[in-house]
Structure formats: structure tokens, C-alpha cells
Amino acid sequence: MGRKVPESDRDYILGLLPAIAKIGDEGIREKVIRTWHRAWKQSNFSRIEDGHQFEPARDYIAYTNVEHTNQVCQACEKMAAISVEILKLRVNMDYLLAGALLHDVDKLVIFDFQTGGFTEIGRKTSHAVAGAALARAEGLPAEVAHMIDTHSTNFSSRPPGSAEALILRQADLLVAHSVYLAHGLEMEKVLNESLTRKTW
Ligand SMILES: [Fe+2]
Ligand SMILES: [Fe+2]
């Protein structure tokens, strides 16, 4: 059965990310916990909640990856309800929540907490691709890995190919852009400036 996640670590992850408890399928729920745990243990972050939504821009915007992930989960739930009601789409809520919960999990391993820059993994593997690999390594369904792989307007190389992936990509963009706008910042500009500011 592989590694066992210590009970205290499970409770810690469940406390940070309440949407995990909404996943109906126990197998998927466990794999989401294990994927967060795997990423955390591979990282040099002592606490998961220390990770920023975009680490190289941490001096510009105090917005954590956990806050962002929880907001994206909530947005996905609302957008799924609209899609089902108005567009009669079929949405698998377990896949949607798992993909939303894990879409930015790789930020723990592609960014270095000490420098705020990229790690060796981050220099070699792009965001989204690295997250999909972590999810696959824990045996999550291909549909969930696909959502993670295609969620990013900046880093994904493929478009979303399912209702769940489409909802996630739009919810992520809406949530991230809204927060940057609320801080009086242009997301693209901050990302580009923070990425060219240093050489790692
Ligand atoms: Fe992302
Ligand atoms: Fe995101």
C-alpha cells in the first residue's frame, strides 16, 4: 500500500483544505491527501501554508497557495452548479474537487522556500506538468491528472478536454486575476517582472 501518512499530518492537511472532506470517493480522497503529503515532504517548506500563490512574487502579494486553492475549490463548486443547471453539463464532482485541490500542489516542489526562486525540479519541469506527475504517482485517475496538466493559462501546453478541466481553468483564472486586481496589480506584469528579476 506504500507510504503511510501519519495521522497528525492527515489532520493537518484536512484542516488546511476543507474541500477534501467533500470528496465522496474514499480512494480519491486518500490519494489527494497523499499527493499533498508527498509534495510537502519533497519540498523545503516547513509548513504547507508558508507557500505563496506565486513564490517569486511573494514580495508583491501576500497571498498564499492554500488560500488560493480554497478559493478555487469554492469557485469550482459554484461554476459546476451553474454549468449543470444552465448548460446541462455532466460534471463529476469528485474529479472536479480533486483537480481543484491539487492544481497548484506542485508549487511546493517547483519553488524554493529559501530563495523564493525555482528548485532543480522547477527549472526542469514546468508548473502544471509537475503537479500532474505528482497526482499520477499517487494513482489518481487520468481525468484528474488531465485537469492539473491543462489548468494554467500561462504554463499549460494543452487546452482543457473535459467539463471538469474547463471549469477548473476558468475558475483559477477568475480567482487569481480577481485577487491581483483587488491589490491594484496586473497579474501578467507581476509574473513577468518577478521571473526576470533574479537569476536562479
Ligand atoms: Fe497554477
Ligand atoms: Fe491556481
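Residues numbered from 1 in each chain as written. Chains lettered and ligands numbered in written order. Predicted model: local features only at pLDDT ≥ 70, side-chain atom pairs only at ≥ 80, totals over all residues.

Scanning the chain from N- to C-terminus turns up 10 helices and zero strands. The C-alpha atoms of the chain give a radius of gyration of 16 Å, which matches the 16 Å a tight globule of 200 residues would have. With respect to the principal axes defined by its C-alpha atoms, the chain has extents near 45 × 40 × 30 Å. Burial status across the chain gives 41% buried among its 200 residues. A sequence separation of at least 24 residues applies to 64% of the contacts in the chain between residues at least 6 apart. (Helix = DSSP H or I, 4+ residues; strand = E, 2+ residues; numbered from the N terminus. Rg over C-alpha atoms; globule rule 2.2 N^0.38 Å. Buried ≥ 20, exposed ≤ 12 C-beta atoms within 10 Å, placed from the backbone. Contact = placed C-beta atoms within 7 Å.)

Okay, helix α3 (residues 65–87) next. In an α-helix there are 3.6 residues to a turn, and that puts residues three or four apart on one side. Between its terminal C-alpha atoms α3 stretches 31 Å, which fits the 33 Å expected from 23 residues at 1.5 Å a residue. Every buried residue belonging to α3 is among Asn 65, His 68, Thr 69, Gln 71, Val 72, Cys 73, Ala 75, Cys 76 and Ala 80, and all of these are buried. Along its buried surface, α3 packs onto α4 (93–102), α5 (107–110) and α9 (163–182). Note on α3: the residue one or two positions beyond its end, Lys 88, has a positive phi of about 60°. (Expected span 1.5 Å × (residues − 1).)

Next up on the list: the packing of α4 against α9. Packing of α4 against α9 leaves a shortest axis separation of 9 Å and a crossing angle of 40°. Relative to α9, the element α4 lies oblique. Remark: the crossing between α4 and α9 carries right-handed chirality. The residues of α9 that touch α4, namely those facing Tyr 95, Leu 96, Gly 99 and Ala 100, are Glu 164, Ile 167 and Leu 168. Among the residues forming the contact of α4 with α9, the class breakdown is five nonpolar, one polar and one charged. (Axes fitted to C-alpha atoms, helices over the stretch in contact; angles between N-to-C directions. Parallel < 35°, antiparallel > 145°, perpendicular 65-115°, else oblique. Left-handed = near helix turned anticlockwise from the far one by under 90°. Nonpolar A, V, L, I, M, F, W, Y, C, P; charged D, E, K, R; others polar.)

Right, let's get into unusual backbone geometry. In this structure, Lys 88 is a non-glycine residue whose phi angle is positive, near 60°. Under the C-beta neighbour-count criterion, Lys 88 is labelled exposed, with 7 such atoms within 10 Å.

Here the focus is the nonpolar core. The biggest cluster of nonpolar side chains holds 47 residues, and the ones touching the most others in it are Val 32, Cys 76, Ala 98, Ala 100 and Leu 101. Looking at this core, the elements that each hand over two or more residues are α2 (26–42), α3, α4, α5, α7 (129–137), α8 (142–149) and α9. For Cys 76, the contacting residues outside a window of four places in its chain are Leu 96, Ala 100, Ile 167, Leu 168 and Ala 171. (Core = buried A, V, L, I, M, F, W, Y, C linked by C-beta atoms within 7 Å.)

Positionally, Arg 158 belongs in the loop between α8 and α9. Classification of Arg 158 by C-beta neighbours within 10 Å gives exposed; the count is 11. Sequence spacing of Arg 158 and Ile 20 is 138 residues, and the spatial spacing of their C-alpha atoms is 26 Å. Excluding residues within four positions of it along the chain, Arg 158 makes contact with Asp 149 and Thr 150.

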